[in-house]
Amino acid sequence: MYDSRDDVPETHRFDLTRIFDTREEWATAREALEDAIETFETDRPLEEVLVAFESLSARDHRLRTYANLRANVQTGDDQRAADRSHAHAVHGDLMALREDVERRVRDADASASVPERFDRYVDDVRQRGDQTLAPAAADLLAQLDDVLDAPERVHRALVDGDFDPPTVDVDGEPVTLTRSERSRIQSSEDRATRKRAFQAVRDEYVGRRETLAANLDTMARRNVRLADARGYDSALPAALAGSDPYVACRPQPRLPRAVYDALVGGVRDNLAPKHRLERVRRDALGVDALQPWDRNAVPVDGETPEYDFEDARGMILDAVAPLGEAYQSRVASVFEERRVDAFDHPGKTEQGAAYATYAPDAGPFVLARWNGSLSHVFLLAHELGHAVHASFAGDARPHVTAGIPEPVAELPSKLHEVLLADHLLDTTTGDERTAVAARAVRSVGANLFYSARWATFTHRLHERVEAGDRLTADWLDETYGDLYAEFVPVLEVTDRLRAGWTTGLYNVPLYHHYPYVLGTAGALAVADGVDDANAPADYVAFLEAGTSEPAVELLADLGVDATNERAVSDAVERFEACVDAFAESVEP
């Protein structure tokens, strides 16, 4: 980790001039957008309304992307934080305007002429008519936008503003447990160090346990009441119907309930390979009982592999070669154009290990915390999958359909991980191959089993609120611990483990786990067919489609039937093969 952002080489810092040349230019654009929203007229031909609103939506997206990235690379800067808050306030005004625009769409004659690119958006708006609030209620919610977003701001303050990463001794040297450092330690250091690091970080979260529980209760209660206000039976169908909180002018990423149930239920019906993996891990580590700090440890006799950033770049580019030269070139451009902010330093956001985002007409960006571990090679590959998806869709589609449909959002990122695992299992030997096999089972397994567990937890906490009960820290501990025991029975369920719910990513929509299950199943299917002559072209067409088609149809075009539990059972079979490779690599 660098001592400050100024020490990070410029080549490994964002070039945000691709969005705005200066912060002053951004501020001018923000003021212009505020004026445009305030003076927007819906009483004109529908075509004009849609074209103008699409432009406002794209401008808003650029403004928020710039403000978010600037704030997240230097969280202690008050001006950057204020700019982000201001950008989100403007976004709230635009979302209020969206209610007026979509009301205008529903009131328009069905024969009204609109540009073809808006067809799916218009159809989607009309389909959602029954779940639309009355004008007075919609206006009131718009005025309460800052209040409704408060739980996410509180969570961000708790994990960025108030969270002070603890320091532990590692080989006689003090190490501050930023996200990148604790990730490295949990996979590479000795068991005593892993334990100290796990307990130190978890205790910091447990110290905020009651506050986090109250905040989570508020989030879930808001979701339940908004779902009820819009006429949904519960928060789950409301979440699956989609209500994109990020982009104003876009078809919603709806997913049939049957698909969700097939995904989560399919995983819970196929837990045996996961249970076997943890037994293999326990035996390979030579411990009587598997502990939380053992779950990412790599059982090798020597040092776990480490890589410099350029090595990782080459490995990832080689791994994606089966997707074709044009695709490989697109991945390379994300590195070459300073779209990756690679290294950790004090003040970089603690929200998530890494993420990818994009801005209309400016392309994708990846925020990472490179620490040289194999885990971070996979993490970088994952986020590059998102970045390339956004890049292809943004180039091929107008703003209204240039997005990434949430149900399939994780397929490209998981495909990168699967291809990287396959490539490294074919090209490495000895301890390095063992480390790769350990990472492969985590890469595939976590996004099937971990995500299904969190999806189940999320649904249970909403069900509790819907029943009229509150989310208390004790109830959350018990529920989270019970699910852990179901999914990982070989692990000792301790008080610190039960409190694992405190570390959840609650700054994103609460029902956000199922795309990882669907994405992993889809990625494995694509990887298995990538040698087919048409597969790379079909896959790029999938990326370029953006939100122009429903997610289930996009998957069907790739040969994945998301409505059938077979998609999950096939993925579990592939996971079993990964467990076999891991077990073989750790055999004495």
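Above this text is the structure in question.
Rules of the game
Residues numbered from 1 in each chain as written. Predicted model: local features only at pLDDT ≥ 70, side-chain atom pairs only at ≥ 80, totals over all residues. Heavy atoms only, no water. Helix = DSSP H or I, 4+ residues; strand = E, 2+ residues; numbered from the N terminus. Expected span 1.5 Å × (residues − 1). Buried < 20%, exposed > 50% of the residue type's maximum accessible area, 1.4 Å probe, protein only. Polar contact = N/O pair within 3.5 Å; in protein donor to acceptor, adjacent residues only side chain to side chain. Contact = heavy atoms within 4.5 Å. Pairing = 2+ DSSP bridges. Axes fitted to C-alpha atoms, helices over the stretch in contact; angles between N-to-C directions. Salt bridge = Lys/Arg side-chain N within 4 Å of Asp/Glu carboxyl O. Parallel < 35°, antiparallel > 145°, perpendicular 65-115°, else oblique. Left-handed = near helix turned anticlockwise from the far one by under 90°. Nonpolar A, V, L, I, M, F, W, Y, C, P; charged D, E, K, R; others polar. Core = buried A, V, L, I, M, F, W, Y, C linked by side-chain atoms within 4.5 Å. Patch = residues over 30% accessible without salt bridge, like charges linked within 9 Å, V, L, I, M, F, W, Y side chains within 5 Å. Areas by Shrake-Rupley, 256 points an atom, 1.4 Å probe, with all protein chains shown as cover. Lys, Arg positive; Asp, Glu negative; His and termini not counted. Charge placed at Lys NZ, Arg CZ, Asp CG, Glu CD.

**As for helix 1 (residues 23–38)**
- Between its terminal C-alpha atoms helix 1 stretches 23 Å, which fits the 22 Å expected from 16 residues at 1.5 Å a residue.
- Taken together, the buried positions of helix 1 are Trp-26, Ala-27, Arg-30, Leu-33, Ala-36 and Ile-37.

**A look at the side chain of Arg-184**
- Mapping Arg-184 onto the fold places it in helix 8 (residues 179–188).
- Within the local environment of Arg-184, its side chain forms a polar contact with the side chain of Glu-181, the two groups lying 2.9 Å apart.
- Ignoring sequence-local partners within four residues, the contact set of Arg-184 consists of Glu-189 and Asn-371.

**Some points on the sheet that holds strand 4 (residues 355–359)**
- Reading across the sheet, the three strands line up as 3-5-4 and stay open at both edges, with mixed pairing between neighbours. Strand pairing shows two members of the sheet lacking a second neighbour, strand 3 (340–343) and strand 4, which therefore form its edges. On average, each strand axis in the sheet is inclined to that of its neighbour by 15 degrees, with strand direction left out of account.
- Bridge count between strand 3 and strand 5 (residues 363–370): three bridges; the pairing is parallel.

**A word on the pattern of salt bridges**
- Overall, the coordinates contain 44 salt bridges when judged by the stated rule.
- As a salt-bridge pair, Arg-208 and Glu-204 come within 3.5 Å of each other at their nearest N and O atoms.
- Accessibility expressed as a relative area gives 26% for Glu-204, which makes it partly exposed.
- Here Arg-221 ties to Asp-217 by a salt bridge, and the two come within 2.9 Å at their closest N and O atoms.

**Points about the packing of helix 16 (residues 374–396) against helix 17 (residues 411–427)**
- Where helix 16 contacts helix 17, the two axes come as close as 7 Å, and the packing angle between them is 135 degrees. Judged by the inter-axis angle, helix 16 sits oblique to helix 17. The crossing of helix 16 and helix 17 is right-handed. Residues Leu-374, Val-377, Phe-378, Ala-381, His-382, Leu-384, Gly-385, His-386 and His-389 of helix 16 pack against Pro-412, Ser-413, Lys-414, His-416, Glu-417, Leu-420, Ala-421 and Leu-424 of helix 17.
- Of the residues belonging to the contact of helix 16 with helix 17, the class tally is nine nonpolar, six polar and two charged.

**Some points on the pairing of strand 4**
- Strand direction decides the pairing type here: strand 4 and strand 5, joined by five bridges, are antiparallel. If you follow Ala-359 over to strand 5, its bridge partner there is Gly-363.
- Hairpin geometry of strand 4 and strand 5 is characterised by an intervening segment of three residues between the two adjacent antiparallel strands and by a positive phi of about 65 degrees at Asp-361.

**Things to note about the packing of helix 17 against helix 22 (residues 535–544)**
- Between helix 17 and helix 22, whose axes approach to 11 Å, the crossing angle comes to 145 degrees. Only Tyr-539, Phe-542 and Leu-543 of helix 22 make contact with helix 17, whose side of the interface consists of Leu-411, Pro-412 and Leu-415.
- When the residues that make up the contact of helix 17 with helix 22 are grouped by side-chain class, the tally is six nonpolar, no polar and no charged.

**Focus on the nonpolar core**
- Of all hydrophobic cores here, the largest spans 131 residues; its most connected members are Leu-216, Tyr-260, Tyr-327, Val-331, Phe-457, Trp-501 and Tyr-539.
- Among residues more than four places away in sequence, those in contact with Val-331 are Ile-316, Leu-317, Val-320, Leu-384, Val-388 and His-416.
- Core analysis: the second largest hydrophobic core is formed by 40 residues, Phe-14, Phe-40, Ala-248 and Val-400 among them.

**A word on unusual backbone geometry**
- A positive phi angle is found at Asp-171, which is not glycine, with a value near 55 degrees.
- Within the secondary structure, Asp-171 sits in the loop between strand 1 (167–170) and strand 2 (173–176).
- Phi is positive for Arg-338, which is not a glycine, with a value near 55 degrees.
- In this structure, Arg-338 sits in the loop between helix 15 (325–336) and strand 3.
- Using a relative accessible area of 22% as the deciding quantity, one classes Arg-338 as partly exposed.

**Here we look at a negative patch on the surface**
- Side chains of Asp-169, Asp-171, Glu-173, Asp-190, Glu-303 and Glu-306 sit close together on the surface and give a patch of like negative charge.
- On the secondary structure map, Glu-306 appears in the loop between helix 13 (272–285) and helix 14 (309–319).
- A residue is classified by how much of its surface remains accessible, and Glu-306, at 57% relative accessible area, is exposed.

**Quick notes on the side chain of His-459**
- Checked against the element boundaries, His-459 lands in helix 18 (residues 430–466).
- When its relative accessible area of 17% is taken as the criterion, His-459 is described as buried.
- Here Tyr-511 takes part through its side chain, which lies 2.9 Å from a polar atom of the side chain of His-459.
- Residues contacting His-459, with those up to four places away along its chain left out, are Leu-236, Arg-257, Tyr-260 and Tyr-511.

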